[in-house]
Amino acid sequence: MADAQPVDQLTPVTAAARATIAACDTKLAQYRSALDAGADPMVVTGWITQTQAERARAEADLQSTQRAEPRRMSRSQIAGLVRALGDIVTVLRDADPDDKPRSTGSWASG
């Protein structure tokens, strides 16, 4: 069942958001180095504020696309689902005859 699921593919928005986050993280590390090297804290603070805002927008984009994209179930999630369903064939076979449809056609016609 796990192998039958569609392969996860990054949407352009997801890929761009991840790239932006990585670039922002790199910039923030550089700004810290600049501060450690004696750069003007007021100037660097402005850069940090801009970069953090850009990173927050990218995080929001990433979160919104992840909610919209279909998720693959892991093997353990599938196993849990199967265990939760139990032996559905036995349950249906042993069900009270009054609860079963009486038609000889499909379940929908009952």
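Just so you know, these numbers come straight off a predicted model, no measurement behind them. (Residues numbered from 1 in each chain as written. Predicted model: local features only at pLDDT ≥ 70, side-chain atom pairs only at ≥ 80, totals over all residues. Heavy atoms only, no water.)

Enquirer: Mind showing me how you'd approach the confidence of the model for the protein chain here?
Expert: Interpreting fine coordinate detail is not advised for predicted regions of low pLDDT. Within the protein chain, residue pLDDT values average 81, and 78% of them lie at 70 or more. Element-level pLDDT for the protein chain is lowest in helix 4 (residues 88–93), with a mean of 76, against a maximum mean of 94 in helix 1 (residues 12–36). (pLDDT = per-residue confidence, 0-100. Helix = DSSP H or I, 4+ residues; strand = E, 2+ residues; numbered from the N terminus.)

Enquirer: In this structure, what is going on with a nonpolar patch on the surface? I would like to understand it.
Expert: Judged by side-chain polarity, Ile-88, Val-89, Val-91 and Leu-92 come together as a nonpolar surface patch covering roughly 370 Å² of accessible area. Summarising the element assignment, Ile-88 is placed in helix 4. Using a relative accessible area of 45% as the deciding quantity, one classes Ile-88 as partly exposed. (Patch = residues over 30% accessible without salt bridge, like charges linked within 9 Å, V, L, I, M, F, W, Y side chains within 5 Å. Areas by Shrake-Rupley, 256 points an atom, 1.4 Å probe, with all protein chains shown as cover. Salt bridge = Lys/Arg side-chain N within 4 Å of Asp/Glu carboxyl O. Buried < 20%, exposed > 50% of the residue type's maximum accessible area, 1.4 Å probe, protein only.)

Enquirer: Honestly, the pattern of salt bridges in this entry has me stumped. Any pointers?
Expert: Close approach of charged atoms allows side chains of opposite charge to pair. As enumerated under the stated definition, the model contains three salt bridges in all. Among the ionic pairs, Glu-54 bridges to Lys-27, the shortest N-O distance being 3.9 Å. Residue Glu-54 is found in helix 2 (residues 41–68), and its partner Lys-27 is found in helix 1; the two are separated by 27 residues along the sequence. Between Glu-59 and Arg-55 there is a salt bridge, and its shortest N-O distance comes to 3.1 Å. With Glu-59 and Arg-55 both in helix 2 and four residues apart, the pair spans about one turn of that helix. Residue class for Arg-55 comes out partly exposed when judged on its relative accessible area of 22%.

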